[in-house]
Amino acid sequence: MAFHHALKIQEDLCIGCTHCMKACPTEALRVTAGKAKLIAERCVDCGECMRVCPVNAIMIEEDDFSRIFDYDCRIALAPSVFIGQFPRNITSRKIYSGMLEDGFTHVYEVEHSTGILKELINNYLVENPEIRPVISSFCPAIVRLIQVRFPSLVGNILPVKAPLDLAAIAYRKKFADEGIPADRIGLFYITPCAAKIAAVKSPVGEKKSPINGVINLNTLYNRVYSIIRREEKGYCIVPEKEQLLPDEMVWTLTGGEARHVHGRCLSIDGISNAIEFLEKLENGTVGNFDFLEMRACDESCAGGILSTNNRFLVSERLHNRAEQYHIDKDKGKIVDNKSILVNREHLIENASLGAIEPRSIMKLDEDMVQAMRKMKKIEKIRNFLPGIDCGACGSPTCRTLAEDVVQGRAHTSDCVFVSIKVKGGDSMNQVVDYTEEIWGKDRFKDMLPE
Amino acid sequence: MKEMTYEFPIEGGDFIKAGHASSNVKKILNQLSLDPAIIRRIAVAMYEAEVNVVAHAYRGTMKVFISPAAIRVRVEDEGPGIPDIEKAMQEGYSTASDKVREMGFGAGMGLSNIKKNTDKLEIQSKINQGTVIEMITRIKSKGA
């Protein structure tokens, strides 16, 4: 099975260091021939590697913007955090006008679907009292993390689609009902992260995503912001659009989801925080919880890897805009008109997620006897290794090197210290020679005495 | 490959570290291709047994014997022992001190929870010497 990953290492830019390899929460990166390499089945698209890369060699692949023009009906599905990128004096109407100017024919915020989702979550909790805690399906990096590192918890994931998919289903229906042929409707998601791209390109728990393409949030921000600046007064401002309710506006921020769920809930953001809690949950050492909201990014989607602004500012701006709703409402400026509610029944019927399969990356072998043999070998090899986790072998830790050796991905002699011991190392030159396969030819040439 | 053995120490009274031994065993089982549902049951049972040592005994060890047919966990401790094992097996029965209860432990579900999550449970105890708990979980694996 092939996994689509939005994260791509640009080999021409990669300088071959250990930053990404050390930051990866699923040990999905190795260094060979002086370049970082991704192990596809281990990666959960969380983007931690991208945050730490010192030379911006890791990028997020996106669909070409011109692809939107393949469709007559070009619908942008924007997360509220997109609006949160802009300063408060730029109204959401202005932002939408800029998006329409840029080529979209319709713009909807994804979070319009969360009102219905709120009900679905609470219904699921009531109907399934034996499943506790229920873990939110919102963040695709978390869903994938659970699949690969906490396989015993996949049954706890809420089998209801995320707001993005729900919105896509509802708006596709809306336009189909208006008589537009299915192949003329193009739904494009404006993504704040890599994980959502992976979720669209190779979805978990459903066969095909209802979304046609993905545009990176930072790309669209630049396009729209320059339109707004360029045509400060000159372009047509669209009529008042459907407004997000305050609760919907902050749904993707930390706590935005859990506070609507009945019972004992926790909101956890940041992938290392999520891992720490899931470990405890799997061990049975945390009390009884009804619902866990978990997002891989610090400050949830405001901290998405493609967010253009500081995560705390984005979060504050969204909270401010949520408050503005009440002020505008009092002034009679808001039209309560939610077109998504027209397709309420259709949405509820199609909201269920199929089975989420565990796919453990920890298994040494499918066969237990083989796995035990490999385990023994790993322990043996570990005794030879220095245990300092320096990363010079191209694996993140001494333990992963031992695993890689047993799985046929590396050699014990990739360890500099083992090489010196086994092959002998009278001069620095010899030691450096041993590492050329990992760090690239002549990598350390200039460091050596002539 | 017949059997693999691991041993982890447990410190009496150290509630902060309670769970370390069972967490380590869980990591090993995860690598050995066991059914996640079985691992979860074993993890819960091991944790309860470990907390019992932390809450009641002075010190102990957790030994794990892994074979393709079954996982056997043996928790031995030096401690006060259990005067009435039958009573201790009842849900809600606990001799834990107020101090231990204040920390959120000692609800009296430990032994019954272990029984629920394993296929076989044996308890031997000597007053003022210690307790030995042995639990067996049978596994159906492709390699068995």
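Residues numbered from 1 in each chain as written. Chains lettered and ligands numbered in written order. Predicted model: local features only at pLDDT ≥ 70, side-chain atom pairs only at ≥ 80, totals over all residues.

Novice: How should the overall build of chain B be read in this particular structure?
Specialist: Each helix and strand in chain B was counted, giving five helices and five strands. Along its sequence from the N terminus, chain B presents helices and strands in the succession β-α-α-β-β-α-α-α-β-β. Over its C-alpha trace chain B gives a radius of gyration of 15 Å, about what one expects of a compact globule, namely 15 Å for 144 residues. Dimensions of chain B, computed from C-alpha atoms along their principal axes, come out at roughly 45 × 30 × 25 Å. (Helix = DSSP H or I, 4+ residues; strand = E, 2+ residues; numbered from the N terminus. Rg over C-alpha atoms; globule rule 2.2 N^0.38 Å.)

Novice: Mind showing me how you'd approach the overall build of chain A here?
Specialist: Along the backbone of chain A there are 18 helices and eleven strands. Taken against the 2.2 N^0.38 rule, which gives 22 Å for 450 residues, the C-alpha radius of gyration of chain A at 25 Å falls within 12% of a compact globule. With respect to the three principal axes, the spread of C-alpha positions in chain A is 80 × 55 × 40 Å. If you take every contact in chain A between residues at least 6 apart in sequence, the share linking residues at least 24 apart comes to 75%. (Contact = placed C-beta atoms within 7 Å.)

Novice: I'm lost on unusual backbone geometry in this one. Help?
Specialist: As a rule of thumb, non-glycine residues mostly have phi less than zero, and peptide bonds are mostly trans rather than cis. With an omega dihedral of -10°, the bond running from R132 of chain A to P133 of chain A counts as a cis peptide bond. Within the secondary structure layout, P133 of chain A lies in the loop between helix 5 (114-127) and strand 7 (134-135).

Novice: I keep staring at the sheet that holds strand 7 of chain A and nothing clicks. Help me out?
Specialist: Residue and element names in this part refer to chain A. Ordered by their spatial adjacency, three strands build an open sheet running 7-11-10, and the pairing between neighbours is parallel. The sheet terminates laterally at strand 7 and strand 10 (265-269), the two strands that pair on one side only. Note that strand 10 and strand 11 (residues 291-295) share five bridges and pair parallel. Across the sheet, the residue bridging to S267 is E293, located in strand 11. (Pairing = 2+ DSSP bridges.)

Novice: Explanation requested: the domain arrangement of chain A in the structure shown.
Specialist: Accessible area lost on assembly of the parts is the figure often given for the size of an interface. Residue and element names in this part refer to chain A. Structurally, chain A comprises domain 1 (1-59), domain 2 (65-123 + 159-253 + 301-349) and domain 3 (363-450). Computed from C-alpha atoms alone, the centre-to-centre distance between domain 1 and domain 3 is 19 Å. Taken together, the contacts link eleven residues of domain 1 with ten residues of domain 3. Mapped by element, the contributors of at least two residues to the side of domain 1 that touches domain 3 are helix 1 (19-23) and strand 2 (29-32). For the side of domain 1 that touches domain 3, the element with the highest residue contribution is strand 2, accounting for three residues. Residue classes in the side of domain 1 that touches domain 3 are distributed as four nonpolar, four polar and three charged. (Domains from an automatic or database assignment. Nonpolar A, V, L, I, M, F, W, Y, C, P; charged D, E, K, R; others polar.)

Novice: Is there a simple way to think about the confidence of the model for chain B in this case?
Specialist: The predicted structure's coordinates, where accompanied by low pLDDT, should not be read in detail. Residues at a pLDDT of 70 or more form 92% of chain B, whose mean pLDDT is 87. Overall fold confidence for the complex sits at a pTM of 0.91, while the interface term, ipTM, reaches 0.84. (pLDDT = per-residue confidence, 0-100.)

Novice: Explain helix 6 (residues 140-149) of chain A here, please?
Specialist: Because each turn of an α-helix spans 3.6 residues, side chains separated by three or four positions in sequence point in the same direction. With nine of ten residues buried, helix 6 of chain A lies mostly within the body of the structure. All of the buried residues in helix 6 of chain A are P140, A141, I142, V143, R144, L145, I146, Q147 and R149 of chain A. (Buried ≥ 20, exposed ≤ 12 C-beta atoms within 10 Å, placed from the backbone.)

Novice: What should I look at first to understand the pairing of strand 9 (residues 213-216) of chain A in this one?
Specialist: Within a regular beta strand, the side chains point alternately toward one face of the sheet and then the other, so they alternate between its two faces. Residue and element names in this part refer to chain A. Burial along strand 9 is two-sided: the face carrying G213 and I215 and the face carrying V214 and N216 are both buried. Where strand 8 (residues 185-191) meets strand 9, four bridges bridge the pair, whose relative direction is parallel. Considered in strand 9, the bridge of T191 is made with N216. In this region the chain leaves strand 8, passes through helix 8 (residues 194-201) and returns to the parallel neighbour strand 9; the handedness of that crossover is right-handed. (Right-handed = clockwise from strand over helix to strand, strands pointing away.)

Novice: Would you mind going over helix 5 (residues 110-117) of chain B with me for this structure?
Specialist: All names here are of chain B. Within the sequence span of helix 5, burial applies to G110, L111, I114 and N117. Along the axis of helix 5, the buried residues cluster in a sector spanning 130°; they form a single face. Packed against the buried residues of helix 5 are helix 2 (36-56), helix 3 (85-88), strand 4 (120-126) and strand 5 (130-138). (Arc of directions from axis to C-beta.)

Novice: Quick question: what am I supposed to make of the interface of chain B and chain A here?
Specialist: Taken together, the contact pairs 23 residues of chain B with 22 residues of chain A. Elements that contribute at least two residues to the side of chain B that touches chain A include exactly helix 1 (20-31) and helix 2 of chain B. Among the elements that line the side of chain B that touches chain A, the one with the most residues is helix 2 of chain B, at seven residues. The residue inventory of the side of chain B that touches chain A, partitioned by class, reads twelve nonpolar, eight polar and three charged.

Novice: Before we go on, may I ask you to explain the nonpolar core in this structure?
Specialist: A general feature of soluble globular proteins is that nonpolar side chains tend to end up buried together. By size, the foremost hydrophobic cluster in this structure holds 154 residues, and its most contacted members are L77 and I146 of chain A. For L77 of chain A, the contacting residues outside a window of four places in its chain are Y108, V110, L164, A167, A168, L187, F188, Y189 and I190 of chain A. (Core = buried A, V, L, I, M, F, W, Y, C linked by C-beta atoms within 7 Å.)

Novice: Would you mind going over the sheet that holds strand 8 of chain A with me for this structure?
Specialist: Through backbone hydrogen bonds, the strands of a sheet pair up, either in parallel or in antiparallel fashion. Residues and elements named next belong to chain A. Overall, parallel pairing links the four strands, which are arranged 6-5-8-9 in an open sheet. The open sheet has two free edges, formed respectively by strand 6 (106-109) and strand 9, since each of these has just one partner strand. Going across the sheet, the axis of each strand differs from the next one's by a mean of 30°, ignoring polarity. Across the sheet, helix 8 lies against strand 8 and strand 9, angled at about 150° from strand 8, the strand it touches most. (Axes fitted to C-alpha atoms, helices over the stretch in contact; angles between N-to-C directions.)

Novice: Can you help me understand the pairing of strand 2 of chain A in this one?
Specialist: Residues and elements named next belong to chain A. Pairing analysis gives four bridges linking strand 2 to strand 3 (residues 35-38), with the strands arranged antiparallel. The residue bridging L29 from the neighbouring strand is L38, located in strand 3. The antiparallel hairpin formed by strand 2 and strand 3 contains two residues in its connecting segment, where A33 sits at a positive phi of about 50°.

Novice: What is the right way to look at the environment of R172 of chain A in this model?
Specialist: Residues and elements named next belong to chain A. Counting through the fold element by element, R172 comes out in helix 7 (residues 163-177). Here the alpha-carbon distance between R172 and A23, two residues 149 residues apart in the chain, equals 39 Å. Leaving out residues up to four positions away in the same chain, R172 has contacts with I185, L187 and P210.

Novice: How do you make sense of the packing of helix 2 of chain B against helix 5 of chain B when you look at a structure like this?
Specialist: Helix-helix packing is characterised by the crossing angle of the two axes and by the distance between the axes. All names here are of chain B. Orientation of helix 2 relative to helix 5, taken along the N-to-C sense of each, is 155°, at an axis distance of 9 Å. Put simply, helix 2 runs roughly antiparallel to helix 5. Seen from above, helix 2 lies across helix 5 with left-handed handedness. In contact with R41, V44, A45, E48, A49, V51 and N52 of helix 2, helix 5 contributes G110, N113, I114 and N117. Residues that form the contact of helix 2 with helix 5 fall into these classes: five nonpolar, four polar and two charged. (Parallel < 35°, antiparallel > 145°, perpendicular 65-115°, else oblique. Left-handed = near helix turned anticlockwise from the far one by under 90°.)

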